[in-house]
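# Structural description and commentary
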Amino acid sequence: MKTLILGAGYAGLATATKMKPSPDLEVLLVERNPYHTFETRLHEAAAHNTRVTLPIVPLLRGTGVNFEQASVEGVNVDAREVTLKDGRVLTYDTLVVGLGSVTNFYRIPGLSDHATELKDVADADEIFNYVNRIYSAGYTGNRDIVVGGAGLTGVELVTELAQRAQVLSRTRGLPPFNIYLVEAGPKILPVLDDALRARAERTLHDYGIHVLTGHRLMEASAEGVTVQTADGQQKQITAGKIIWTGGIQARDIVKGEKLEKGPGGRIAVDDYLRAKGYPDVFVVGDMALAHDQGGKPVPTTAQHAGQQGRLTGKNIRHMVRGRELEKYEPNTMGEFVSLGGLMAVGWMKLPWNQKLAMTGGMAHVMKKASEWKWRSSID
């Protein structure tokens with residue numbers, strides 16, 4: 001059985017590393033980079049130049065999976081063809097689509113032209129270099145930063161940037177730059193309960209971050225952004241750097257007449273993570289519209305992507321052996337938010353659907369533990 005795995009993000013790599021050599025199974029992993037990126041740690045790379053990648057080839061040892069570094073141009077599931085940017089066309093018997101997401105700018109005027117994203121290592125490098133540049137001798141431009149979106153990525157990024165600013169201010173004798181966290185909704189971190197959110201807000205305040213909830217970003221320019229408050233008033237925030245973390249959408253790269261797509265362009269899947277109408281196509285990670293036991297869409301998080309990938313790898317092996325496939329049952333084990341240094345807040349799941357809330361150093365340890373668990377799962 002000829003199997004293609006597209007993308008080596010959390011879901012695609014989990015699928016590949018779950019494989020075992022088999023004479024009846026030929027697997028090729030296609031990824032545009034020679035490395036896997038820990039996307040949940042890109043905020044660390046942006047602020048501190050932390051290494052957040054792992055080379056792919058060593059991770060595939062013992063799996064029987066071959067690797068091809070190439071970019072995918074398009075996928076036609078009716079023709080069972082994958083077109084690469086270099087013009088080659090690959091065919092398959094079974095396909096795993098884990099090509100991730102792109103930034104959703106929500107058609108806000110000027111935003112895609114003037115804002116930096118935080119989706120890959122190049123974005124993190126751009127932000128890191130900007131911070132270094134504004135602390136260099138002779139810099140005279142605007143040094144302030146606006147971050148749009150107060151979800152996990154936005155909050156983790158602003159706290160790390162604030163911590164970096166404190167260090168550079170001490171060592172180079174310059175005042176910290178202003179950081180504005182702009183959120184259209186009424187609160188930051190909607191994934192957390194009120195008590196944990198309040199603790200996070202206090203930490204942001206202690207860092208001197210300007211938290212602007214209820215402020216919708218209306219327009220971006222080279223000079224900054226225009227925001228609108230809940231009562232309709234508009235105001236300007238000048239900034240030297242705009243960073244947008246306010247939303248994602250599935251990559252619009254898979255075509256098929258019977259495909260069903262939902263919010264954010266995610267592809268509807270069945271109980272086994274197969275695209276509805278296409279039993280030979282598995283869709284995992286940010287591109288998949290799966291539902292939990294309560295009928296709600298599964299969040300596009302790393303932990304769920306890893307679960308989907310591991311199950312898909314197992315099910316492909318079941319297909320080769322003629323065994324029955326296992327159904328997908330998402331399991332949210334917890335959620336932790338880094339707040340710079342050794343500070344974090346979050347919760348972990350306990351038996352009988354209970355939750356244990358944590359703050360401070362213990363939450364930081366649990367945040368790191370989840371990363372170590374992921375690292376061990378792909379070795």
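From a predicted model like this one, the values you see are computed outputs, not experimental measurements.

Look at Arg107: it is not a glycine, yet its phi comes out positive at around 55 degrees. Take Arg107: it is sitting in the loop between strand 10 (101-103) and helix 4 (111-114). When its relative accessible area of 83% is taken as the criterion, Arg107 is described as exposed. Of note, the phi angle at Leu189 is positive, near 45 degrees, even though the residue is not glycine. Take Leu189: it is sitting in the loop between strand 13 (179-183) and helix 7 (194-207).

Applying the stated criterion to the full structure yields two aromatic pairs. The ring of Tyr135 has Arg143 sitting right over it, with the charged end atom 4.6 Å from the ring centre.

In terms of domain boundaries, the chain breaks down into domain 1 (2-103 + 249-332), domain 2 (121-246) and domain 3 (333-378). Taking the mean C-alpha position of each, domain 1 and domain 3 sit 25 Å from one another. With 17 residues of domain 1 at the interface, the matching set in domain 3 holds 12 residues. Taking both sides of the interface into account, the surface hidden between domain 1 and domain 3 amounts to around 1200 Å²; carbon and sulfur atoms contribute 53%. At the boundary of domain 1 and domain 3, one finds two salt bridges. In this structure, the salt-bridge partner of Arg41 is Glu371, at a minimum N-O distance of 3.9 Å. At the boundary of domain 1 and domain 3, one finds six residue pairs in polar contact (both at pLDDT 80 or more). For the side of domain 1 that touches domain 3, the elements supplying multiple residues, two or more each, are helix 1 (10-17), helix 2 (42-48) and helix 8 (302-321).

Reading guide: rules and limits
- Residues numbered from 1 in each chain as written.
- Predicted model: local features only at pLDDT ≥ 70, side-chain atom pairs only at ≥ 80, totals over all residues.
- Heavy atoms only, no water.
- Helix = DSSP H or I, 4+ residues; strand = E, 2+ residues; numbered from the N terminus.
- Buried < 20%, exposed > 50% of the residue type's maximum accessible area, 1.4 Å probe, protein only.
- Phe/Tyr/Trp six-rings, centres within 6.5 Å; stacked < 30°, edge-to-face > 60°.
- Lys NZ or Arg CZ within 6 Å of the ring centre and 35° of its normal.
- Domains from an automatic or database assignment.
- Contact = heavy atoms within 4.5 Å.
- Buried area = accessible area lost by both parts, 1.4 Å probe.
- Salt bridge = Lys/Arg side-chain N within 4 Å of Asp/Glu carboxyl O.
- Polar contact = N/O pair within 3.5 Å; in protein donor to acceptor, adjacent residues only side chain to side chain.

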